Amino acid sequence: EVRRDRIAMSYANAFVQPVRATSQQSLITASAAALAQYIPQLNRLYDLHADRALLSTLPIDIADTRACASLGELIAWLPLEQQEGK
């Protein structure tokens, strides 16, 4: 996630209510679903904007987030100043 306004953001509160595995959903899938619901909700609430991409072993859909197929694609997505560590 890259924010032009450089606001630090934590999505840890997506897990304030613990997620649990079920016979239909693994813990990883349940965690991804909780995160996918929380991220857009928090950004809408505070009217925050970010460029966001992810790399995951699961099919996960987060609003306004680019899903990358490889680590190389994710690195290429980063703005140049992020790649150079500035």
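Presented here is an overview of the structure given in this document. (Residues numbered from 1 in each chain as written. Predicted model: local features only at pLDDT ≥ 70, side-chain atom pairs only at ≥ 80, totals over all residues. Heavy atoms only, no water.)

## Concerning the packing of aromatic side chains
The full count for this structure, using the stated rule, is one aromatic pair. Aromatic pair Tyr 11 and Tyr 38: ring centres 6.4 Å apart, planes at 85 degrees, arrangement edge-to-face. Pair noted here: Tyr 11 is in the segment before α1 (27-45) and Tyr 38 is in helix α1, with a separation of 27 residues, a long-range link. (Phe/Tyr/Trp six-rings, centres within 6.5 Å; stacked < 30°, edge-to-face > 60°. Helix = DSSP H or I, 4+ residues; strand = E, 2+ residues; numbered from the N terminus.)

## Re the pattern of salt bridges
Any two side chains of opposite charge can pair, so long as their charged atoms come close to each other. Per the counting criterion, the structure on display carries four salt bridges. Across the salt bridge formed by Asp 51 and Arg 4, the nearest N and O atoms sit 3.2 Å from each other. With Asp 51 in the loop between α1 and β1 (52-55) and Arg 4 in the segment before α1, the pair connects residues that are 47 residues apart, well separated along the chain. Taking the shortest distance from any N to any O, the salt bridge between Glu 73 and Arg 66 comes out at 3.0 Å. You can call Glu 73 partly exposed: its relative accessible area is 25%. Taken together, the shared-partner salt bridges connect Glu 1, Arg 3 and Arg 52 into one network. (Salt bridge = Lys/Arg side-chain N within 4 Å of Asp/Glu carboxyl O. Buried < 20%, exposed > 50% of the residue type's maximum accessible area, 1.4 Å probe, protein only.)

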